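Fold and contact review
What follows is the residue order along each chain.
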Amino acid sequence: MALEPEGNNRLLQDVLARPGNETCADCGNPEPDWASLTLGVFVCQACSLLHRSIPHISRVKSVQDTWDASDVELMAATGNNAAKAKYEQKVPAFYYRPIHSDCKMLREQWIRAKYERNEFEFIEKQEPYSAGYREGFLWKRGRDNGQFLSRKFILSEREGALKYFNKQDARDPKAVMKIETLNATFQPAKIGNPCGLQITYLKDNSTRNIFVYHSDAKEMVDWFNAIRAARFHYLQVAFPGASDEELVPKLTRNFMKEGFMEKTGPKHTEGFKKRWFTMDDRRLMYFKDPLDAYARGEVFIGSKENSYTVLSGLPSSTQGYHWNHGITIVTPDRKFLFACETEAEQRDWISAFQRVINRPMRPQEYAVEAHFKHKP
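This one's a predicted model, so the numbers in the text were calculated from it and none came from an experiment. (Residues numbered from 1 in each chain as written. Predicted model: local features only at pLDDT ≥ 70, side-chain atom pairs only at ≥ 80, totals over all residues. Heavy atoms only, no water.)

Attention now moves to the domain arrangement of the chain. Looking at the chain, the domain boundaries give domain 1 (5–88), domain 2 (127–249) and domain 3 (257–374). Centre-to-centre separation of domain 1 and domain 3, based on C-alpha positions: 45 Å. (Domains from an automatic or database assignment.)

Printed below as a string of structure tokens:
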């Protein structure tokens, strides 16, 4: 005898409660409330919208809708763990698995790579980012005029570098970015393009930014994962005893926080100026414009064991600020004064600084700190 619709929905809730089904199959968000009837996975609402972009592969339905017995049986027979064993069976250790807070393009390409292109069932489909060498053209933002121009890029693990060339037939690269200090993070809002990628590297121990995009989202994600692969293989050689679990978090990183604050100079008598700040691990950098290639200055943020502290507010004698929500960072050498526009921004910045200050310094970070102290 067929169950009434209420009975089918009760059975569906039982299936949802099984291990693996309590989080989204694609981004890990808790309590997924949608399902793909064709793939047999439970997903969150945000990922269900991305599944709608591949209707030939995935047909989605809310778990709140009325369900047929046959659809419930299909979900019971598959589920997230079984789908993961199939569609994610050969994901390389370095490949970036997006989470809920990542940009839409990154999440959509992960979904397409799994279910549409079957990249993790057939290793030969991973060649674009696994080969150790990649070349192609990306639109790169000009440092002085802000125009995006097509530039040839070459990533070579053998040479240990990412290079780009200003002219198609140029023999010498315009810049050589060592894989050792390379980072890449998607910045669609800042760059003004859904595929916008910010690449940073160190030159003379100062941070340099370049901003690139490609009109093809898969192409951009392949570049991103090729950079991660190159970093992974570099770190495997640099730290021969380290496990994949230890190395993977070091491949690329998102910035801890970014946004505008006001700052004053070392004497604390100059007027406060509005600057764009980026917190990249222990480096706090400030720029006149969010898309500047070079930071105007960088501040090293050490740990509390080394006499670094963050305080809410500014010293009572401070003048010249326009924003009222102050922050004081105390370092062994001096105090840095900042002002935020809102209390919420002040709270977020203090929280970011506190996270870094609470973390003990690693041996190699002492060398970075020493370099900052010897800067002119």
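What follows continues from the structure just given.
Time to look at the sheet that holds strand β13 (residues 283–287). Spatial ordering of the open sheet is given by β14-β13-β12-β11-β17-β16-β15, a layout of seven strands whose pairing is antiparallel. The strands lining the two open edges of the sheet, one partner per strand, are β14 (297–300) and β15 (309–312). Here the strands of the sheet are splayed against their neighbours by 35° on average, with no regard to which way each runs. The pairing of strand β16 (residues 325–330) with strand β17 (residues 335–340) spans six bridges and is antiparallel. By the bridge assignment, T328 is partnered in β17 with L337. Its contacts with the sheet put helix α10 (residues 343–357) on β11 (257–263), β12 (273–280), β13, β15, β16 and β17, and the angle it makes with β11 is roughly 110°. (Pairing = 2+ DSSP bridges. Helix = DSSP H or I, 4+ residues; strand = E, 2+ residues; numbered from the N terminus. Axes fitted to C-alpha atoms, helices over the stretch in contact; angles between N-to-C directions. Contact = heavy atoms within 4.5 Å.)

A few words now on the layout of surface pockets. Over the atoms rolls a probe the size of a water molecule, and its path tells where empty space is left. Its volume calculated, the largest pocket comes out at about 1,100 Å³. What lines the largest pocket is a set of 31 residues, and nearest its centre among them are E180, R231, R253, D281 and R362. Counting residues per element, the ones that place at least two in the lining of the largest pocket are β9 (197–203), α8 (217–238) and α11 (363–373). Mapping the lining of the largest pocket onto the domain boundaries places at least three of its residues in each of domain 2 (127–249) and domain 3 (257–374). Volume-wise, the second largest pocket comes out at about 570 Å³. In terms of lining, the second largest pocket is formed by 27 residues, of which the most central are K140, R143, Y164, K174 and Y294. With four residues, the top contributor of residues to the lining of the second largest pocket is strand β10 (residues 206–213). When the residues that make up the lining of the second largest pocket are grouped by side-chain class, the tally is eleven nonpolar, six polar and ten charged. (1 Å grid on protein atoms, 1.4 Å probe; cavity = no way out; pocket = protein on both sides within 12 Å on 5 of 7 lines; lining within 4 Å. Points joined across faces, edges and corners; volume = space filled by probe spheres on them. Nonpolar A, V, L, I, M, F, W, Y, C, P; charged D, E, K, R; others polar.)

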